[in-house]
Amino acid sequence: MSESASSPLWRPLAWRMALGAGLGLGLFAAESWLLLRSGMVGVDIPVEGPYAALMAAVRPVLPGLLARVASVYVVAGMALAVAAWGLARAWGRGGVGGTLVGWWGLAALLAWERAISRPALFDDLPAARPLLAWLVDHGEPWHPRAVAVVLLLVHAGVFLARRGTGRARLRAALVMAAGLAVVALARVWPESRGTKHPLVVLIGIDAFRPDRLRSQGGSGEVAPHVERFLEDATLFTRAYTPIAQTEPAWRSLLTARWPHATGVRYPLTAESRMRLQPTFARAFDDAGWRTVFATDCSRFHTEGPASGFVTRLQPPRGAVNFLLEKLRYRALGAFADQALGAAWVPEFVDNRALAGIHDPMGYAERLAARLVDEAGQGPTLFAFHATAAHFPGDPVHPFHRRFVPASEPLERRLRMHFAPVSPGAKGGWNRPGAEALYDELLAQADAQVGLLLEALRRTGRYDDALIVLMSDHGESFHEDRPDLAGATPVHGARLSEVENRILLAVKPPGGRGAAPRDVDALVRLVDVGPTLLDYAGLPALRRVDGVSLSPLLRGGDWVPQRLYAETGFTHVVPEVFDAEHWPGAPRTFDAYRIRPDGVVEMGESIHAAVLMEKDRGVYDGQRWWLERPRADGTLRRTCEGDCEGPDALALEAWLDDVRGRTEEGDSRKVAGHVDDPRRPLAPGRVRSTQ
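Here is what the cut-offs are and how they apply
Residue indices begin from 1 for each chain and proceed along its sequence in written order. Since the coordinates come from a predicted model, pLDDT governs what is reported: local features require at least 70, and pairs of side-chain atoms require 80 or more to be given and counted, while whole-chain, interface and lining totals use all residues. Water and hydrogen atoms play no part in the side-chain values, which are based on all heavy atoms of the structure. The criterion for a disulfide is a pair of cysteine sulfur atoms lying within 2.5 Å. Relative accessibility under 20% of the residue-type maximum defines a buried residue, over 50% an exposed one, and the middle range a partly exposed one, all with a 1.4 Å probe and only protein chains included. Salt-bridge detection follows one rule: a side-chain nitrogen of Lys or Arg within 4 Å of a carboxyl oxygen of Asp or Glu. Helix and strand labels come from DSSP, where a helix needs a run of H or I of at least four residues and a strand needs a run of E of at least two; each type is numbered from the N terminus. The contact rule is simple, with two residues in contact once any of their heavy atoms fall within 4.5 Å. Two strands qualify as a pair provided that DSSP identifies no fewer than 2 bridges between them. Working definition: rings of Phe, Tyr and Trp (its six-membered ring) pair if their centres are within 6.5 Å, and the pair is stacked with planes under 30 degrees apart, edge-to-face with planes over 60 apart, and tilted otherwise. We call a charge positioned above a ring when the Lys NZ or Arg CZ atom is no farther than 6 Å from the ring centre and deviates by at most 35 degrees from the ring normal. The convention used is that axes are lines fitted to C-alpha atoms, helices contributing only their stretch in contact, and that angles between N-to-C directions extend from 0 to 180 degrees. The set of buried Ala, Val, Leu, Ile, Met, Phe, Trp, Tyr and Cys residues whose side-chain atoms join them within 4.5 Å is what this entry labels a nonpolar core. If an angle is under 35 degrees, it is roughly parallel; if it is over 145, roughly antiparallel; if it lies from 65 to 115, roughly perpendicular; otherwise it is oblique. Crossing handedness is read from the near helix: turned anticlockwise from the far helix by less than a right angle, it gives a left-handed crossing, and turned clockwise, a right-handed one.

A. Focus on the state of the cysteines. A full pass over the atoms with the stated rule returns one disulfide. Across the disulfide from C639 sits C643; the S-S distance is 1.9 Å. Residues C639 and C643 are joined by a disulfide whose S-S torsion is about -100°; by sign, that bridge is left-handed. Side by side, C639 and C643 carry an identical accessibility label, which is buried.

B. Up close: the pattern of salt bridges. Per the stated rule, a full pass over the model turns up 51 salt bridges. Two residues, R317 and E271, come together in a salt bridge whose shortest N-O distance is 2.6 Å. With R317 in the loop between strand 5 (311-313) and helix 12 (319-324) and E271 in the loop between helix 10 (259-262) and helix 11 (280-286), the pair connects residues that are 46 residues apart, well separated along the chain. Residue class for E271 comes out partly exposed when judged on its relative accessible area of 37%. The network of salt bridges with common partners includes E271, R273, R317, R593, R595, D597, E601 and E604.

C. Molecular detail of helix 22 (residues 604-612). For helix 22, the set of buried residues is I606, H607, A609, V610 and L611. Tucked inside the fold, the buried residues of helix 22 contact strand 14 (600-602).

D. Fine view of the environment of L381. By the element assignment, L381 lies in strand 6 (residues 380-386). Taking C-alpha positions, L381 is 6.1 Å from L199, a pair spaced 182 residues apart along the chain. Excluding residues within four positions of it along the chain, L381 makes contact with V200, F280, A281, F284, W289, R290, T291, V292 and F309.

E. Spatial organisation of the pairing of strand 15 (residues 616-619). Because side chains alternate across strand 15, one face comprises the buried residues R616 and V618, and the other comprises G617 and Y619, equally buried. Two elements, strand 12 (residues 563-566) and strand 15, share four bridges in a ladder whose sense is antiparallel. Following the sheet pairing, A565 is matched in strand 15 by G617. Hairpin connection from strand 15 to strand 16 (residues 623-629): three residues lie between these consecutive antiparallel strands, with G621 at a positive phi of about 95°.

F. Just the packing of aromatic side chains, in detail. What the rule picks out here adds up to 14 aromatic pairs. Their ring planes at 70° and their centres at 5.4 Å tell us that W250 and F293 sit as a pair that is edge-to-face. Placement of the pair is W250 in helix 9 (residues 246-255) and F293 in strand 4 (residues 290-295), with a sequence separation of 43 residues. An aromatic cluster is present here, built from F28, Y73 and Y329 joined pairwise through their rings. Above the face of the Y462 ring, K507 is positioned so that its terminal group lies 5.2 Å from the ring centre.

G. Representation of unusual backbone geometry in the model. Geometrically, the link from H397 to P398 is a cis peptide bond, its omega value of 5° lying close to zero. By the element assignment, P398 lies in the loop between strand 6 and helix 17 (410-414). The backbone phi angle of R543 is positive, close to 55°, even though this residue is not glycine.

H. Local environment of the sheet that holds strand 3 (residues 239-240). With mixed pairing, three strands are arranged side by side in an open sheet as 8-3-11. Looking at which strands have only one partner, the edges of the open sheet turn out to be strand 8 (501-502) and strand 11 (523-524). Pairing between strand 3 and strand 11: two bridges, direction parallel. Along strand 11, the bridge assignment pairs Y240 with R524.

I. Broad picture of the sheet that holds strand 1 (residues 199-205). If you walk across this open sheet you meet the eight strands as 5-4-6-1-7-9-2-10, and the pairing is mixed. Whereas interior strands pair on both sides, the edge strands pair on one side only; in this sheet they are strand 5 and strand 10 (518-519). Judged from the four bridges that link them, strand 7 (residues 466-470) and strand 9 (residues 504-507) form a sheet pairing that is antiparallel. Across the sheet, residue M470 finds its bridge partner in strand 9, namely L504. Along the sheet, helix 20 (residues 528-536) makes contact with strand 1, strand 7 and strand 9, crossing strand 7 at roughly 170°.

J. Spatial organisation of the nonpolar core. Counting 50 residues, the largest nonpolar core has F229 and F384 as the members making the most contacts within it. Going through the elements one at a time, strand 1, helix 8 (224-230), strand 4, helix 16 (360-375), strand 6, helix 18 (431-458) and strand 7 are the ones with two or more residues in this core. F384 has contacts with L202, I203, G204, A294, T295, Y363, L367 and L452, leaving out every residue within four places of it along the chain. The next biggest cluster of nonpolar side chains, apart from the first, holds 46 residues, and it includes A84, V349, A353 and I594.

K. Region of interest: the packing of helix 16 against helix 18. Packing of helix 16 against helix 18 brings their axes to within 9 Å, and their N-to-C directions diverge by 30°. The angle between helix 16 and helix 18 places the two elements in the roughly parallel class. The element helix 16 and its partner helix 18 pack so that their crossing is right-handed. Mapping the contact onto sequence places P360, M361, Y363, A364, E365, L367, A368, L371 and V372 in helix 16 and Q444, A447, Q448, L451, L452, A455 and L456 in helix 18.

Listed below in structure tokens is the structure:
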């Protein structure tokens, strides 16, 4: 069917939009059928027992969620149809056939670009695997974009040749050039630099090990934006977290208290077990500051009202979020990965659990704009937790080529590989490959951090802001266990240098000034909050375990500090690392409960067992005192390092003191445990506590 030049445009336009809407709905139906066929949405799982609660929590919100997803397909289908119709009209072929060909051609261009920029969007389609592998190795995002520009220019040339005069062609060219100039200027023109309100920025990079930094023995290639920041900041080279898991670590960070004082001892702690404490974010809010927390992953870490942040930008919490990562509606990753899509379906677009759909760089650009906007409205505390290095660990272009060799299988280059952590585990992976993928993910998180810092520089807010860059924990690749070479890395399973040592760097307002570039005094994650309050001139939190680091930054007197630490609760049973360890709590779905509102929490029956299996320890920079529960019901206490003399005895006494300050029922009341009188031990000696 063809159109006459004099026919009204609205009628064929309406038909083309209807056609596009139908194509979009058809694509949505096809993807839904594939999900149902593969059982991805849980149709083929048992619905008895704990799964019944999961399905009950998800079922009420699922229809509305799917309706919004379907509406994206409809709008995208109409937009593609209108664009295809316009291109076809340039050739005088604006009929249905030309529109259909153009529609699928434009959709193919989008898929081509996304397969290069975010290959995890298609990595589970076996039929597409050979083509995807070639694109991962050889494709560049500019390839499909260049083809799109050429096609647009060809169509524009044909249209002008058929319809326009020389003057019309010139006018069209000038309009196009002006439009391109406006777009270019909008991207580089400095934003408004009005009143500069006080600004505190706290950026956390999940699982960042300090040994990736050039000054700490790394290559310097993993995190160039962090390296540049360190030129203006003081790096604390011996900073440690009290617990190497994100949710309990952030709770200790916010309250400046040890985990047993916060009640958050492991991920997905029940809210009823939290011991509500004042947070530094609440102190900023009470002083009239704007307080914002943002993260792109909330499966095992969310911040609620108790955090003190008034504005919390994070994916939905609980059962719905665990379901979302199974809903691989790929067209969302092609059509909705921008500000409009993030506003309409944020559960998908601003949620890195959705591998391939989530665009980490686009997300960081939107977050950087939000940071600048918040800072322009008043005194602002802005915190961001970047989770790129956490599961599912899908690197995007260009990071998926940076460190992992091209000889590795595609599935291990595009997604974090899971294999059981058990002796002799055959995961098909290897330690160098796992660490290379980890470095690529850190580089991706570093690029996100770079976008935020560059936004501050561009708007003139970088120099006068107090900026803290930190990690919540490290990562263990089982370096001391060759028999675990094929196993998944872990954090929170053992008290160790690789799991508990963290990145911590502070740039005061005005730059480092006279402060040293590196500080090797032992500091803790719980010291961050008191430092922020001190620099902001706000009242300190009372009766906390952390102290302000400002004396180290300002060249004042410093009292040496000690670290208290405990293990978390991971997918790894403790017997893997210690055959005589207390057997630990079960690692099954039954360990958790789902509240009526969909929130997933640790169940009551498992809580005591989780606390019982914890290792605890204290560290002063010279020695560790470690306490581990044994299978026979005793506690084994060991000392590692310089264990002679009064300092060693004082540190052991401090371990007893910290243990004594645990809440009722949380102390280590193992059957038959009676502390022996203290006496000096040779390095590495064990004292029976039976």
